[in-house]
Amino acid sequence: MSHLLAAPTPPLGWNSWDCYGAAVTEAEIRGNAEYMAEHLKDFGWEYVVVDIQWYEPGAVSSHYRKFVPLEMDEYSRLMPAVNRFPSAAGGVGFKPLADYVHSLGLKFGIHIMRGIPRQAAHAATALKGSLATARDIAHPNSICPWNTDMYGVDASAEGAQAYYDSLFELYAQWGVDFVKVDDIAASRLYDTHLPEIELIRRAIDKCGRPMVLSLSPGPAPVQYADELAGLANMWRMTDDFWDHWSLLLDMFDRCESWQGRAKPGNWPDCDMLPLGHIGIRSVDGGGSDRWTRFTKDEQVTMMTLWSLFRSPLMFGGELRDNDEWTLSLLTNREVLAMLRDTDGARLVLREGDRVVWATANPASGERYVALFNTGEAELEVSVGGAALKLDGSVQAVELWSGEAWGELGPDGSLGAQIPPHGAKLFKLG
């Protein structure tokens, strides 16, 4: 099966990192899954993803404890820490938790670091399906600069493919639907790790279970766009994205450089949505336990840009604490239809603090236009019907407010007063 079929539209889900760092527990995963099933599943949200270090018994925050023992089976494969994930007792791994998520009509995902545990390499533990050991395939000079759990794998070594095959065989047995692989799309020390991505691609294809492959962190190099599209379903365009306006402003540049690359099965990824209640045990991003620092206007800008560009949407906050405003950002059916059904998102205009993006639904002919103000004062932002390639008159509706905006023709213009750091999103039809 082509890997493109695993993600025909941009994946929508929840990831534990922004609120719980490396320290999420089974109870928190189950609770957020239950919220998603009740409040979000009907809108297309489906993935529940356990982020980094689920195998670390002593994890307490987003700060990694260095060189600590990790839970691992006899084949050098990391296993869930039973003190944090009680249903994993007896060596059954994430299968009971995945089964529970599936029982809610949702899909289950995990985060892994590329490579093999350092403790496995040091102990020369066995690999399933190979006479080689963990030491034989480890690449001790290929390390992650911010986490000490793993060595990279020497893709040319005997046993390297067998190791990754055994990992994804295990994940298929657990019922994993989504795998986020870290320190691989772009490394602070190295280039993109294409040989290891190729090992992972082959292992997923062999395991017999469709899985979305997400690569982190970025910024993934645009020059590898074709290679990434041939191997993965999503790849980060940025390093970790947090609730700072400077990072959101920077995303306009990143979307511009990646425009035209989103297509069924391949989704350049703007990273997670740091919305709602975040930082509970995750102290990255210069914060602590808090509600998002983004203003409401900035939140609308983020949701508009991510959705029109067709980035995957991975919510980062504690879902059970959502207020009506935050939930409304995730359940706007018109915006989600744009995310799901359009094609060809393009930058139409960028002049100073005025930015205009547009896209269209090829099946219905409906068009969408986003007007952004990236400046510090309210601005009139407008775009002509000719620039939008209109060939007749259409009715404009602003999707976040539901407000009818009137008729627009090829010779007219669509404009609005936009607050600082704000946006308006229009459907033309």
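Since the model is a prediction, treat every value here as computed from it, not as a measurement.

**Looking at unusual backbone geometry**
Leave glycine aside and you will find that most residues have negative phi; peptide bonds, for their part, are mostly trans.
Inference 1: Here the amide bond leading from Ser-216 into Pro-217 is cis, since omega sits at -25°, within 30 degrees of zero.
Inference 2: Mapped onto the secondary structure, Pro-217 falls in the loop between β10 (212-215) and α8 (225-231).
Inference 3: Here the residue pair Gly-218 and Pro-219 is connected by a cis peptide bond, since its omega of 5° sits within 30 degrees of zero.
Inference 4: On the secondary structure map, Pro-219 appears in the loop between β10 and α8.
Inference 5: Backbone geometry at Arg-310 places phi at a positive 75°, although glycine is not the residue there.
Inference 6: By the secondary structure assignment, Arg-310 is in the loop between α10 (296-309) and β15 (313-315).
Inference 7: Of note in this structure, His-421 is not a glycine but carries a positive phi near 65°.

**What to know about the sheet that holds strand β17 (residues 354-360)**
Inference 1: Taken in spatial order, the six strands make up an open sheet running β16-β17-β18-β23-β20-β21, and their pairing is antiparallel. Because the sheet does not close on itself, it has two edges, and the strands there are β16 (343-351) and β21 (404-408). Across the sheet, the mean angle from the axis of one strand to that of its neighbour is 20°, orientation sign disregarded.
Inference 2: Summarising the sheet, β17 and strand β18 (residues 367-373) pair through seven bridges and their orientation is antiparallel. Directly across from Val-356, in β18, lies its bridge partner Leu-371.
Inference 3: Packed onto the sheet, helix α12 (residues 333-341) meets β16, β17, β18 and β23 (423-428) and runs at close to 70° relative to β23.

**Topic: the sheet that holds strand β8 (residues 150-153)**
Inference 1: Strands sit in the order β4-β8-β7 across an open sheet of three strands; the sheet is antiparallel. Strands at the two margins of the open sheet, each flanked by one partner only, are β4 (116-117) and β7 (138-143).
Inference 2: Across two bridges, β4 lies against β8 in antiparallel orientation. Of the residues in β8, the one forming a bridge with Ile-116 is Tyr-151.
Inference 3: Most of the contacts of helix α6 (residues 160-174) go to β8, to which it runs at about 120°, and overall it touches β4 and β8.

**So, the layout of surface pockets**
Inference 1: Volume-wise, the largest pocket comes out at about 320 Å³.
Inference 2: Residue lining of the largest pocket: 21 residues in total, with Trp-17, Tyr-64, Trp-146, Asp-240 and Asp-284 positioned closest to the centre.
Inference 3: Among the secondary structure elements, those contributing two or more residues to the lining of the largest pocket are α1 (17-20) and β9 (178-182).
Inference 4: The residue inventory of the lining of the largest pocket, partitioned by class, reads eight nonpolar, three polar and ten charged.
Inference 5: Counted as a void, the second largest pocket has a volume near 200 Å³.
Inference 6: Ranked by residues supplied to the lining of the second largest pocket, first place goes to α12 with three residues.
Inference 7: Of the residues in the lining of the second largest pocket, the class split is ten nonpolar, two polar and three charged.

**Section: the domain arrangement of the protein**
Inference 1: Domain boundaries in the protein define domain 1 (3-341) and domain 2 (345-428).
Inference 2: Each of domain 1 and domain 2 has a C-alpha centre, and these two points are 33 Å apart.
Inference 3: In this complex, domain 1 contributes 24 residues to the contact, which on the side of domain 2 involves 24 residues.
Inference 4: Of the roughly 2200 Å² buried between domain 1 and domain 2, counting both surfaces, carbon and sulfur atoms make up 67%.
Inference 5: Joining domain 1 to domain 2, the criterion identifies three salt bridges.
Inference 6: A salt bridge links Arg-350 to Asp-253, with the shortest nitrogen-to-oxygen separation between them at 2.7 Å.
Inference 7: Along the contact surface separating domain 1 from domain 2 lie nine residue pairs in polar contact (both at pLDDT 80 or more).
Inference 8: Those elements giving two or more residues to the side of domain 1 that touches domain 2 turn out to be α9 (245-258), α10, α11 (324-330) and α12.
Inference 9: Looking at the side of domain 1 that touches domain 2 element by element, the count peaks at nine residues for α10.
Inference 10: Partitioned by chemical class, the residues of the side of domain 1 that touches domain 2 number twelve nonpolar, six polar and six charged.

The rules behind each value
Residues numbered from 1 in each chain as written. Predicted model: local features only at pLDDT ≥ 70, side-chain atom pairs only at ≥ 80, totals over all residues. Heavy atoms only, no water. Helix = DSSP H or I, 4+ residues; strand = E, 2+ residues; numbered from the N terminus. Pairing = 2+ DSSP bridges. Axes fitted to C-alpha atoms, helices over the stretch in contact; angles between N-to-C directions. Contact = heavy atoms within 4.5 Å. 1 Å grid on protein atoms, 1.4 Å probe; cavity = no way out; pocket = protein on both sides within 12 Å on 5 of 7 lines; lining within 4 Å. Points joined across faces, edges and corners; volume = space filled by probe spheres on them. Nonpolar A, V, L, I, M, F, W, Y, C, P; charged D, E, K, R; others polar. Domains from an automatic or database assignment. Buried area = accessible area lost by both parts, 1.4 Å probe. Salt bridge = Lys/Arg side-chain N within 4 Å of Asp/Glu carboxyl O. Polar contact = N/O pair within 3.5 Å; in protein donor to acceptor, adjacent residues only side chain to side chain.

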